[in-house]
Structures are given as structure tokens and as C-alpha cells.
Amino acid sequence: MITCFVPPSSGEATVAGFDILKKPCEVKKNIGYLPETPPLYKDMTVTSYLEFTGKIHGLNGINLGKRLDYVLSRCGIKDVKKRLIANLSKGYKQRVGLAQALIHDPEVLILDEPTIGLDPKQITDIRSLITELGGERTIILSTHILPEVTMTCNKVIIINKGKIV
């Protein structure tokens, strides 16, 4: 609901001060979203895909170049930036998905099961990156894996049927 993908059946929610029903476009400008399966165009190179997603978020010119350099470096994908996404490992695809969620420098980052299907080294790397990014912005981590929570979060809220329990 806070991604403005599904409307709430009741209640209200705000993201970065914007109501999800009244100002969904403003909400979307302020969130970066990484779903469980990253929305990647596998026939594009990493750089062309990130430029594309940056332009969707209104970036261009020097601003796009700066953000591209930042996410390539921060997500550890500089060494694969010219490769086709289809030819990347699952771990690198996850990093590219995270980079697209960060390209526009959102206030809130929403991650849905970010380490599912990764090998132990990739899990450690992604957890470390999430922890680092948590110092810069709000991160909402949706997961059913309790070790994921204890390794990356400093505050935990459990929700059952829309209510905080």
C-alpha cells in the first residue's frame, strides 16, 4: 500500500509527509522499491538500464551521471556495468535492482525479501549494504526470515492483518 500499488481497504498512510491516496505521485517520487523479483530488462546492459530508470525519475545530464556513478559504486556493480543483465548472477541482478531503487535518491527505501535465493556470500554482502544505507535513509524491510531482521534492523514492527502486534 505504501508504494501506491494497492489501495488500502481502510485507514490512512503517509510517506515523506504525503498521503498515499491524495498524493500518490509525490509518494512515488520519495520511495525506492525493490520487489522480491527485481523488475529488470534483461536485454539491456546494467548502465543502460540504470540510465533508463533514472530518466523515468526525471534525472538527466550531470545529475543522472552523478547518481549513476553513485549507485554503481555503492551497490558494487561497477565491474559489470557494461554487461547484459541476462548474463549476471542472481546476486548481481539483486544489486542492479537495488541500484534502480536508489537511482533517484529516495527518502524511503522499501525492500521486499532482498536476500531470497542468494548464496551465503551474497546474503552477507546485501545485508551489509542494507545496514550502510540505513544510516542515510529510512529503510522498510519486508521479510519472513527472522535472521534477516536481526542482522539488518535496529527497530522491528510485526504487523498482522494490518495491525501492529
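Residues numbered from 1 in each chain as written. Predicted model: local features only at pLDDT ≥ 70, side-chain atom pairs only at ≥ 80, totals over all residues. Heavy atoms only, no water.

Novice: Could you clarify how one ought to interpret the packing of aromatic side chains in this entry?
Specialist: Any two aromatic rings considered together are summarised by their centre-to-centre distance and by the angle between their planes. Inspection of every chain in the model, using the stated rule, returns two aromatic pairs. Relative to Tyr-49, the ring of Tyr-41 has its centre 6.1 Å away and its plane inclined at 70 degrees; by these criteria the two rings are edge-to-face. Residue Tyr-41 is classed as partly exposed on the basis of its relative accessible area, which comes to 46%. Ring plane angle 70 degrees and centroid distance 5.7 Å describe the contact between Tyr-41 and Phe-52, whose orientation is recorded as edge-to-face. Note that Tyr-41 is positioned in the loop between strand E3 (31-34) and helix H2 (46-56) and Phe-52 in helix H2, a separation of 11 residues in sequence. (Phe/Tyr/Trp six-rings, centres within 6.5 Å; stacked < 30°, edge-to-face > 60°. Buried < 20%, exposed > 50% of the residue type's maximum accessible area, 1.4 Å probe, protein only. Helix = DSSP H or I, 4+ residues; strand = E, 2+ residues; numbered from the N terminus.)

Novice: Can you help me understand unusual backbone geometry in this one?
Specialist: Across the chain, the bulk of peptide bonds are trans and the bulk of non-glycine residues have phi less than zero. A positive phi angle, near 70 degrees, is found at Cys-4, a position not held by glycine. Among the secondary structure elements, Cys-4 is positioned in the segment before strand E1 (14-15). By relative accessible area, Cys-4 is classed as buried at 19%. The backbone phi angle of Glu-113 is positive, close to 50 degrees, even though this residue is not glycine.

Note that every value here comes from positions in space, so none of it alone points to a role or purpose.
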